[in-house]
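Examination of the molecular architecture
Spelled out from the first residue to the last, the chains are:
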Amino acid sequence: MDWQPDEQGLQQVLQLLKDSQSPNTATQRVVQDKLKQLNQFPDFNNYLIFVLTRLKSEDEPTRSLSGLILKNNVKAHYQSFPPPVADFIKQECLNNIGDASSLIRATIGILITTIASKGELQMWPELLPQLCNLLNSEDYNTCEGAFGALQKICEDSSELLDSDALNRPLNVMIPKFLQFFKHCSPKIRSHAIACVNQFIMDRAQALMDNIDTFIEHLFALAVDEDPEVRKNVCRALVMLLEVRIDRLIPHMHSIIQYMLQRTQDHDENVALEACEFWLTLAEQPICKEVLSSHLVQLIPILVNGMKYSEIDIILLKGDVEEDEAVPDSEQDIKPRFHKSRTVTLPHEEERPEDPEDPEEEDDDDDDTLSDWNLRKCSAAALDVLANVFREELLPHLLPLLKGLLFHPEWVIKESGILVLGAIAEGCMQGMVPYLPELIPHLIQCLSDKKALVRSIACWTLSRYAHWVVSQPPDMHLKPLMTELLKRILDGNKRVQEAACSAFATLEEEACTELVPYLSFILDTLVFAFGKYQHKNLLILYDAIGTLADSVGHHLNQPEYIQKLMPPLIQKWNELKDEDKDLFPLLECLSSVATALQSGFLPYCEPVYQRCVTLVQKTLAQAMMYNQHPDQYEAPDKDFMIVALDLLSGLAEGLGGQVEQLVARSNIMTLLFQCMQDTMPEVRQSSFALLGDLTKACFMHVKPCIAEFMPILGTNLNPEFISVCNNATWAIGEICMQMGAEMQPYVQMVLNNLVEIINRPNTPKTLLENTAITIGRLGYVCPQEVAPMLQQFIRPWCTSLRNIRDNEEKDSAFRGICMMIGVNPGGVVQDFIFFCDAVASWVSPKDDLRDMFYKILHGFKDQVGEENWQQFSEQFPPLLKERLAAFYGV
């Protein structure tokens, strides 16, 4: 006997469904409570499926809602459904997948895949065979409903379907799906492609066995009249380009021709899918070879796609020129990620390009439309292609650019400025001859009457900042800076944001070139404080922090401190401890404290105290959560990380003057806990702070060394690069303070350090810090470290040859010289590397130079004149010259 609802119960459920469609929040709360009550009854879920599948008298939205509530119940506690209820639901789903309403079919499909993903694919063996069987139905609704459900299952459970757990159903399903590529209904064709597409990226065996049929069928659908079908065809080709380019290469010419057409499809979704093809192709080694002859067609299409669409302009409120007084809505503010401190050494080359620099990624500036769209995709494609083809792109671009950049219509002019920014990285060399005339034009666009033109001009100029700074400052830097500062005070929020970001990039490039203009810059940034809404304030902090990093101690002037500190401290006092806006403000203050050094003293006490409190609160909350995860929330550890980093900034900026603050706090106890935190970023920041405190006030660190050293040793694990790097650096700083008393701890750390320096593919920063620390260990305990000399001397020498002369390098080389004194045999086989490393010094201190002199001459005397001649024949000419000039060998 089939389950039947009780009439009164059914009315109650229907009333609940009606109420839950009410916009009133009070009603919503009542509904939630009622749901909780009804969920106590096992057959409540029977009522829900009954309304969805049988109660055709009700309106569709109510029936669908009933199914969605059931889906949430399945998600939350399907395991506790009594078997008769579960069976009734499954049977109703399969019997009604062909409902006349497409909304109900889709709801049942969602319900089926939710049950399936609850581990029920194994427990519901008849599901897939029945759905595949229903595809053969003459009734369109049944076929479409079954396909909709199958598509959802393929999306949710693609890995499981391609496994032995289910007896490899794909061997049947994929050939079956391929038959439907030729179905007369576009909706069915679209489902069929979408189902197969789920298995491309994982290279499912059943698909690989049918790959040629699949590709033939796709080609047959290339000019389908239905946009959804065309979109799925494009998506399939983009994925195949990544995983089975070998099967596409024979047809590449026609695929490119096809994609050129589709990138101009009148349906934007199709055009967007097709545009992804160029992004993916650019990453393939064959890109240049297959695409060169098509650039002449492709470039104009991409450039055309870079215009704002009418809908973009409406969404971006492109006609609203002034909105600075409108508060931001909270959901517009994207979460920020704090990048923890990593200790690095200064290099010989000018500025090290940081490969992980997150700033490099923001490729376009309209991120409130953070949905990917054709404009963004076209710009990204042009950017990557510029990096592949370099100057070869320009003959196709320059003729177009001229027309765009001076076009009377703002939308077209704006797209031209975006094009110029997109190619900046790849085509820089080829663009240089045109920049003296283009940069002034762009600077003029900064005062265009359209806000969207002003904002894109900010971004594009920032992409050419490197070139601007390489010219005499009065040529372009000064006018650019003057105009950008005006834009920071623009009446339009999007322009403010773009100008602040562009200014931060300019600061990084210009560094101390900005010093003459500091007063003017600070006046602007401080004025912006009073003007900005929430979201842009966060970017303003970044611009101030970057300014401090860029000009360093030049900021330490009473007049500058007077301008800058009051508004920062005022914000600091306004923010509560649990406000995430503290992150960017703390980062900013950390840079400012490091730059101001003693100038920060008047402000340091409250800042220091609060950081300690933040660390303490977070640790306490973490402890409560670990003990009672059901009662407490997990803390946001970023508060602790950012606070530790600001404490590092204070220790670095104030040096010995931080001592009284440390004395009056329990920071060492807190640090002991932070160094053992489960989260790598917390440990990373703890070790940076430990190193900075070791340099600033070792008297407070020394009593803890016996407890700290084993923890440092355990963290010399290169799996966590940054943690390992900072722990290594801290050990080196501790050596320099401990001297010979370091002896009991050498064995805890030495083997790990030697292993890391010999590991292939270790990042440069970590190698350098490891070498410095091994040198410093040897400097304070030569007897303990020297026996291992032969195991590290060669990578030690090669990793330190590019480091600029500085304190760290000095102490490390003294250490190596002392170890060679103890164990000269350890260096014999790799002596040429030692010679090369010595020659990398520009001006070593006199006593260090004497040490080098003695070792070089000692070696020469030991082997004799003739052998030395033979040995030094292997030297590159430059090395020979330097050694002869400096050390007379």
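We now examine the overall build of the protein chain. A tally of regular secondary structure across the protein chain gives 50 helices and zero strands. The principal-axis extent of the C-alpha atoms belonging to the protein chain is close to 100 × 70 × 65 Å. Expressed as a percentage of contacts within the protein chain between residues at least 6 apart in sequence, the contacts between residues at least 24 apart total 76%. Taken as a whole, the protein chain presents about 38,800 Å² of accessible surface, with 52% of it coming from carbon and sulfur. Across the protein chain, the 74 positively charged side chains and the 124 negatively charged ones have centroids separated by 1 Å.

A few words now on the pattern of salt bridges. Evaluated as defined, the whole model comprises 41 salt bridges. For Asp-99, the salt bridge is made with Arg-63, and the minimal N-O distance between the two is 2.9 Å. Of this pair, Asp-99 sits in the loop between α5 (83-96) and α6 (102-123) while Arg-63 sits in helix α4 (residues 60-77), placing them 36 residues apart in sequence. Residue Asp-99 is classed as buried on the basis of its relative accessible area of 6%. A salt bridge links Asp-383 to Arg-463, with the nearest nitrogen and oxygen atoms 3.4 Å apart.

Phe-214, Trp-278, Phe-600, Met-742, Phe-792 and Trp-796 are the most contacted members of the largest nonpolar core, which totals 323 residues. Non-local contacts of Trp-796, meaning those with residues more than four positions away in its chain, are made with Ile-757, Ala-771, Ile-774, Gly-775, Ala-812, Phe-813 and Ile-816.

One can describe the packing of helix α32 (residues 558-574) onto helix α34 (residues 601-627) by two numbers: an axis separation of 12 Å at closest approach and a directional angle of 30 degrees. The angle between α32 and α34 falls in the class roughly parallel. The way α32 lies across α34 gives a crossing that is left-handed. Residues Ile-561, Gln-562, Met-565, Ile-569 and Trp-572 of α32 lie in contact with α34, whose contacting residues are Tyr-603, Pro-606, Val-607 and Arg-610.

Residues other than glycine predominantly adopt negative phi, and peptide bonds predominantly adopt the trans conformation. You will see that Arg-203, though not glycine, has its phi angle at about 50 degrees, which is positive. Counting through the fold element by element, Arg-203 comes out in the loop between α11 (186-197) and α12 (205-209). One non-glycine residue, Arg-390, lies in positive phi territory at about 50 degrees. Its place among the elements puts Arg-390 in the loop between α21 (374-389) and α22 (394-405).

Let's shift gears to the side chain of Ser-455. Position of Ser-455 among the secondary structure elements: in helix α26 (residues 451-463). Given the relative accessible area of 0%, Ser-455 is considered buried. Within the structure, Ser-455 has its side chain in polar contact with the backbone oxygen of Leu-452 (distance 3.2 Å).

Let us look at the confidence of the model for the protein chain. Here the protein chain averages 90 in pLDDT, and 96% of its residues register 70 or above. Long-range and interchain partners of residues 349-369, a stretch whose pLDDT sits below 50, account for 39 contacts in this model, where long-range means more than four residues apart.

Moving on, we come to helix α40 (residues 705-714). Every buried residue of α40 is listed here: Ile-705, Phe-708, Met-709, Ile-711, Leu-712 and Gly-713. Looking at the buried positions of α40, the neighbouring elements they touch are α37 (667-674), α38 (680-696), α39 (698-701), α41 (721-738) and α42 (746-757).

Over its 13 residues, helix α23 (residues 410-422) extends 18 Å from the first C-alpha to the last, a length consistent with the 18 Å expected when each residue adds 1.5 Å. Where burial is concerned, most of α23 is hidden: 13 out of the 13 residues are buried.

Relative to the elements of secondary structure, Leu-397 occurs in helix α22. Judged by relative accessible area, Leu-397 falls into the buried class, the value being 0%. Sequence separation between Leu-397 and Pro-42 is 355 residues; the distance between their C-alpha atoms is 68 Å.

The tally for this structure, following the rule as stated, stands at 23 aromatic pairs. Between Phe-834 and Phe-852, the ring centres sit 6.5 Å apart and the planes meet at 80 degrees, which makes this aromatic pair edge-to-face. Of this pair, Phe-834 sits in helix α47 (residues 831-839) while Phe-852 sits in helix α48 (residues 846-863), and the two are 18 residues apart along the sequence. For the pair Phe-834 and Phe-852, one class covers both residues: buried. Through a chain of ring-to-ring contacts, three or more aromatic side chains come together here, namely Trp-796, Phe-813, Phe-831, Phe-834, Trp-841, Phe-852, Phe-859, Trp-868, Phe-871, Phe-875, Phe-886 and Tyr-887. Over the ring of Trp-572 we find Arg-610; its NZ or CZ atom is 4.9 Å from the centre of that ring. Lying across the ring of Phe-720, Arg-683 places its NZ or CZ 5.3 Å from the centre.

Residue position: Thr-773 is located in helix α43 (residues 764-780). Through-space distance from the C-alpha of Thr-773 to that of Ala-282 is 42 Å; in sequence the pair is 491 residues apart. Beyond its immediate sequence surroundings of up to four residues, Thr-773 is in contact with Thr-728, Trp-729, Ile-731, Gly-732 and Leu-753.

Let us look at the state of the cysteines. Evaluation of the coordinates by the stated rule reveals zero disulfides. Distance from the sulfur of Cys-604, which forms no disulfide, to the nearest cysteine sulfur (Cys-611) is 11 Å. Cys-797 supplies the cysteine sulfur nearest to Cys-817, a cysteine that is in no disulfide, at a spacing of 10.0 Å. For Cys-817, a relative accessible area of 6% gives the class buried.

What counts as what
- By convention here, each chain's residues receive numbers from 1 onward along its written sequence.
- With the structure being a predicted model, the display of local features is reserved for residues of pLDDT at least 70 and the display and counting of side-chain atom pairs for 80 or more, all residues being used for whole-chain, interface and lining totals.
- The side-chain numbers reported here are obtained from all heavy atoms of the structure, hydrogens and water having been left aside.
- Secondary structure is summarised from DSSP: a helix means a run of H or I of at least four residues, a strand means a run of E of at least two, and numbering begins at the N terminus for each.
- We call two residues in contact whenever any of their non-hydrogen atoms come within 4.5 Å of each other.
- Residue exposure ignores everything except the shown protein chains as possible cover, and the areas themselves are Shrake-Rupley values with a 1.4 Å probe.
- Lys and Arg are tallied as positive, Asp and Glu as negative. Neither His nor the chain termini are counted.
- To locate a charge, take NZ of a lysine, CZ of an arginine, CG of an aspartate or CD of a glutamate.
- The term salt bridge refers to a side-chain nitrogen of Lys or Arg lying within 4 Å of a carboxyl oxygen of Asp or Glu.
- Categorising residues by exposure relies on relative accessible area from a 1.4 Å probe, with only protein chains included: less than 20% of the type maximum marks a residue as buried, more than 50% marks it as exposed, and the intermediate range marks it as partly exposed.
- Only buried residues count toward a nonpolar core, which is a set of Ala, Val, Leu, Ile, Met, Phe, Trp, Tyr and Cys residues joined through side-chain atoms within 4.5 Å.
- Axis definition: a line fit to C-alpha positions, over the contact stretch in the case of helices; interaxial angles, taken between N-to-C directions, run 0 to 180 degrees.
- To sort the angles, those under 35 degrees are grouped as roughly parallel, those over 145 as roughly antiparallel, those from 65 to 115 as roughly perpendicular, and the leftovers as oblique.
- Helix crossings fall into two classes, left-handed where the near helix is turned counterclockwise from the far one by less than a right angle and right-handed where it is turned clockwise.
- Polar contact criterion, stated in full: a pair of N or O atoms within 3.5 Å, where within protein one must be able to donate a hydrogen and the other to accept it, and residues adjacent in sequence count only if both atoms are side-chain atoms.
- pLDDT is a per-residue confidence score from the predictor, ranging from 0 to 100.
- Here the expected length of a helix is defined as 1.5 Å per residue gap, with one fewer gap than residues.
- For this analysis, a ring pair means two rings from Phe, Tyr or Trp (six-membered ring only for Trp) whose centres lie within 6.5 Å, classed as stacked if their planes differ by under 30 degrees, edge-to-face if by over 60, and tilted for the remaining angles.
- Geometrically, a lysine NZ or arginine CZ counts as sitting over a ring once it is within 6 Å of the ring centre and also within 35 degrees of the ring normal.
- Any two cysteine sulfur atoms within 2.5 Å of one another count as a disulfide.

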